[in-house]
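# Notes for the structure review
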Amino acid sequence: MSRIAATFSTLKSQGKKALIPFITAGDPGPDKTVPLMHRLVEAGANIIELGVPFSDPMADGPTIQRASERALKHGVSLRDVLGMVVEFRKKDTLTPVVLMGYANPIEAMGYEPFATAAAAAGVDGVLTVDYPPEESAAFVEHLGRHGIDPIFLLSPTTPEARMVQVGKLARGFIYYVSLKGVTGAATLDTAEVARKIPQIRAAASLPVGIGFGIRDGQAARTMSQMADAVVIGSRIVEEIENSTAESLLDNVYNLVKGFRDAMDGK
């Protein structure tokens, strides 16, 4: 059983839902990423989504775009991100790590070299925004050989046929984008999410995580009651952007702990 599957299984037995915080690797500086990852776990994160900096992050709003820009100014590459996972694994061998990014850096490295290096680093899943399921078979095959879960996005406009297609390819969990727009945008439509989740469950026998637009504890709790996981990105990246070097780790810890407590009904 993969680390991701084991995490969801354990949480289900405890009657809890997964909290999946997102940070961009290398933001605000390369030396802060691994300490931030450990603080996320201490605050109650169950899976970490680690963004690979990219110059044209089409799915991301201004907040996460700026995070990528800050990381790229430090020259953070895909290989650097894998190195951060290696460092994280020296102290934490249990918390799943999912890389979230775009196709170009992976294409530049090559499917097999990337999959080999990611597995060796301790990566558990990969979410590549611009690999549609129709073009992902070879990539999924390479990941599968190395025990890495391919994570796919579904959106409010995804037709049922594509849900079924994604359900056949995906492993780990399905990431449902809860709004029409980029990360950090718009307002959650709870009724629309409630309507869509059963359709996804009918098409795919995987846990479902909800992300995009979840900015406070109440929204996280509401979404956690509909799905198996809640993904928090832009709000955490905002906290990173607005924190001083001295307050960074504590500010992020307190924010994420607040989400965890809200999801647990505390």
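### Things to note about the overall build of the protein
Counting its secondary structure elements, the protein contains twelve helices and eight strands. Here the C-alpha radius of gyration of the protein, 17 Å, is about what a compact globule of 266 residues would show, namely 18 Å. In terms of its C-alpha atoms, the protein occupies a principal-axis envelope of roughly 45 × 45 × 35 Å. Burial status across the protein gives 57% buried among its 266 residues. In the protein, once contacts between residues fewer than 6 apart in sequence are set aside, the share between residues at least 24 apart is 72%.

### What about the environment of Phe259?
Here Phe259 is to be found in helix 12 (residues 248-263). Overall, the relative accessible area of 3% leaves Phe259 in the buried class. Ignoring anything within four residues of it in the chain, the contact list for Phe259 reads Leu19, Arg215, Asp216, Gly217, Ala220, Ile232 and Arg235.

### Points about the packing of helix 10 (residues 217-224) against helix 12
Orientation of helix 10 relative to helix 12, taken along the N-to-C sense of each, is 45°, at an axis distance of 8 Å. By the criterion of interaxial angle, the relationship of helix 10 to helix 12 is oblique. Taken as a pair, helix 10 and helix 12 cross one another with a handedness that is right-handed. Between helix 10 and helix 12, the residues in contact are Gly217, Ala220, Arg221 and Ser224 and Phe259, Ala262 and Met263, respectively. Across the contact of helix 10 with helix 12, the residue classes tally to four nonpolar, two polar and one charged.

### Let's talk about the nonpolar core
Judged by nonpolar contacts, the single largest core of 68 residues is most densely connected at Leu50, Leu99 and Phe114. Setting aside anything within four residues of it in sequence, one finds Leu50 in contact with Phe22, Ile23, Ala25, Thr33, Met37, Val81, Val85, Val97, Val98, Leu99 and Met100. Grouped together as the second largest cluster of nonpolar side chains are 24 residues, Phe54, Ala67, Val98 and Val231 included.

### Thoughts on helix 10
The α-helix winds at 3.6 residues per turn, so residues separated by three or four positions along the chain end up facing the same way. For helix 10, the full list of buried residues reads Ala219, Ala220, Thr222, Met223 and Ser224. Elements in contact with the buried residues of helix 10: helix 9 (190-203), strand 7 (208-211), strand 8 (229-232) and helix 12. For helix 10, the N-terminal capping position is held by Asp216, with its side-chain oxygen 3.2 Å away from the main-chain nitrogen of Gln218.

### Regarding the packing of aromatic side chains
Overall, the coordinates contain seven aromatic pairs when judged by the stated rule. Geometrically, the ring pair formed by Tyr111 and Tyr131 is edge-to-face, given 6.1 Å between the ring centres and 85° between the ring planes. Here Tyr111, found in helix 6 (residues 111-121), pairs with Tyr131, found in the loop between strand 4 (125-128) and helix 7 (137-145); they are 20 residues apart in sequence, far enough to count as distant. Residue class for Tyr131 comes out buried when judged on its relative accessible area of 7%. Considering the side-chain rings of Tyr175 and Phe212, the 6.0 Å spacing of their centres and the 90° angle between planes classify their relative orientation as edge-to-face. Of the two residues, Tyr175 is situated in strand 6 (residues 174-177) and Phe212 in the loop between strand 7 and helix 10; the sequence distance between them amounts to 37 residues. Neither residue differs from the other here; Tyr175 and Phe212 are each classed as buried.

### So, the sheet that holds strand 4
Spatial strand order, 1-2-3-4-5-6-7-8: eight strands in a closed barrel with parallel pairing. On average, each strand axis in the sheet is inclined to that of its neighbour by 25°, with strand direction left out of account. Direction of pairing for strand 4 relative to strand 5 (residues 149-154): parallel, over a ladder of three bridges. Among the inter-strand pairings, Leu127 is bridged to a residue of strand 5, identified as Ile151.

Cut-offs and rules
Residues numbered from 1 in each chain as written. Predicted model: local features only at pLDDT ≥ 70, side-chain atom pairs only at ≥ 80, totals over all residues. Heavy atoms only, no water. Helix = DSSP H or I, 4+ residues; strand = E, 2+ residues; numbered from the N terminus. Rg over C-alpha atoms; globule rule 2.2 N^0.38 Å. Buried < 20%, exposed > 50% of the residue type's maximum accessible area, 1.4 Å probe, protein only. Contact = heavy atoms within 4.5 Å. Axes fitted to C-alpha atoms, helices over the stretch in contact; angles between N-to-C directions. Parallel < 35°, antiparallel > 145°, perpendicular 65-115°, else oblique. Left-handed = near helix turned anticlockwise from the far one by under 90°. Nonpolar A, V, L, I, M, F, W, Y, C, P; charged D, E, K, R; others polar. Core = buried A, V, L, I, M, F, W, Y, C linked by side-chain atoms within 4.5 Å. Polar contact = N/O pair within 3.5 Å; in protein donor to acceptor, adjacent residues only side chain to side chain. Phe/Tyr/Trp six-rings, centres within 6.5 Å; stacked < 30°, edge-to-face > 60°. Pairing = 2+ DSSP bridges.

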